[in-house]
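These are the residues of each chain, in order.
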Amino acid sequence: DESEPSVPRVIIPNYLGMRGHCLNVSTLYSLCCIDRCEELLGFLESKIQAPSATPGEIVRLVSALPSAHVPGNRTLSGVLVEKLQEVADHHMGQVPLHGRLFAQWMHF
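Residues numbered from 1 in each chain as written. Predicted model: local features only at pLDDT ≥ 70, side-chain atom pairs only at ≥ 80, totals over all residues. Heavy atoms only, no water.

**Focus: a nonpolar patch on the surface**
Here comes step 1: Together, Leu23, Val25, Leu28, Tyr29 and Leu31 line one region of the surface with nonpolar side chains, adding up to about 560 Å² of accessible area.
Here comes step 2: Considering the arrangement of structural elements, one finds Leu31 in strand S2 (residues 30-32).
Here comes step 3: Exposure remark for Leu31: the relative accessible area of 47% places this residue in the partly exposed category. (Patch = residues over 30% accessible without salt bridge, like charges linked within 9 Å, V, L, I, M, F, W, Y side chains within 5 Å. Areas by Shrake-Rupley, 256 points an atom, 1.4 Å probe, with all protein chains shown as cover. Salt bridge = Lys/Arg side-chain N within 4 Å of Asp/Glu carboxyl O. Helix = DSSP H or I, 4+ residues; strand = E, 2+ residues; numbered from the N terminus. Buried < 20%, exposed > 50% of the residue type's maximum accessible area, 1.4 Å probe, protein only.)

This is the structure:
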């Protein structure tokens, strides 16, 4: 915040300090769940070993992954593949794995 130049400040939103994916079960402990996006991102990072990848490479890796609700070796929907291509179109044909648009794509 630079509203007062003589007193610079950094504003940190409350969500940065929160315990995501946790329920306060009692005053003694919290119950926390696994963040599925982090799990998927970690898998992609280990396979791609680069900060970005082509949409084709991401589609190939994600299609092969089984999930709790869908078996592996599936075909991603055309809409989902198209959305990923749109992300790449904004970044010279590459999809940044740590970008906002890719994070949104993982939630389609």
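After presenting the structure, the write-up continues.
**Some points on the packing of helix H1 (residues 36-48) against helix H2 (residues 55-64)**
Here comes step 1: Across the interface, H1 lies against H2 with an axial gap of 11 Å and an inter-helix angle of 120 degrees. Classified by the angle their axes make, H1 and H2 are oblique. In this structure, the crossing between H1 and H2 has a hand that is right-handed. Of the residues in H2, those touching H1 at Leu40, Phe43, Leu44, Lys47 and Ile48 are Glu57, Ile58, Leu61 and Val62. (Axes fitted to C-alpha atoms, helices over the stretch in contact; angles between N-to-C directions. Parallel < 35°, antiparallel > 145°, perpendicular 65-115°, else oblique. Left-handed = near helix turned anticlockwise from the far one by under 90°. Contact = heavy atoms within 4.5 Å.)

**Quick look at the packing of aromatic side chains**
Here comes step 1: Scanning the model with the defined rule gives one aromatic pair in all.
Here comes step 2: Taking 5.6 Å as the distance between ring centres and 15 degrees as the angle between the ring planes, the aromatic pair formed by Phe102 and Trp105 counts as stacked. Taken as a pair, Phe102 and Trp105 lie in helix H4 (residues 100-105) at a separation of three residues, close to a single helical turn. (Phe/Tyr/Trp six-rings, centres within 6.5 Å; stacked < 30°, edge-to-face > 60°.)

**Here's the deal with the environment of Cys33**
Here comes step 1: Mapped onto the elements of the fold, Cys33 is located in the loop between S2 and H1.
Here comes step 2: For Cys33, a relative accessible area of 53% gives the class exposed.
Here comes step 3: Residues Cys33 and Cys22 lie eleven residues apart in sequence; the distance between their C-alpha atoms is 6.4 Å.

**Considerations on unusual backbone geometry**
Here comes step 1: Within the chain, Gln49 stands out as a residue other than glycine whose phi angle is a positive 50 degrees.
Here comes step 2: Here Gln49 lies in the loop between H1 and strand S3 (52-53).
Here comes step 3: Overall, Gln49 belongs to the exposed group, its relative accessible area being 66%.
Here comes step 4: Positioned with a positive phi, Asn73 is a non-glycine residue whose angle comes to about 55 degrees.
Here comes step 5: Relative to the assigned elements, Asn73 resides in the loop between H2 and helix H3 (78-89).
Here comes step 6: For Asn73, a relative accessible area of 70% translates into the label exposed.

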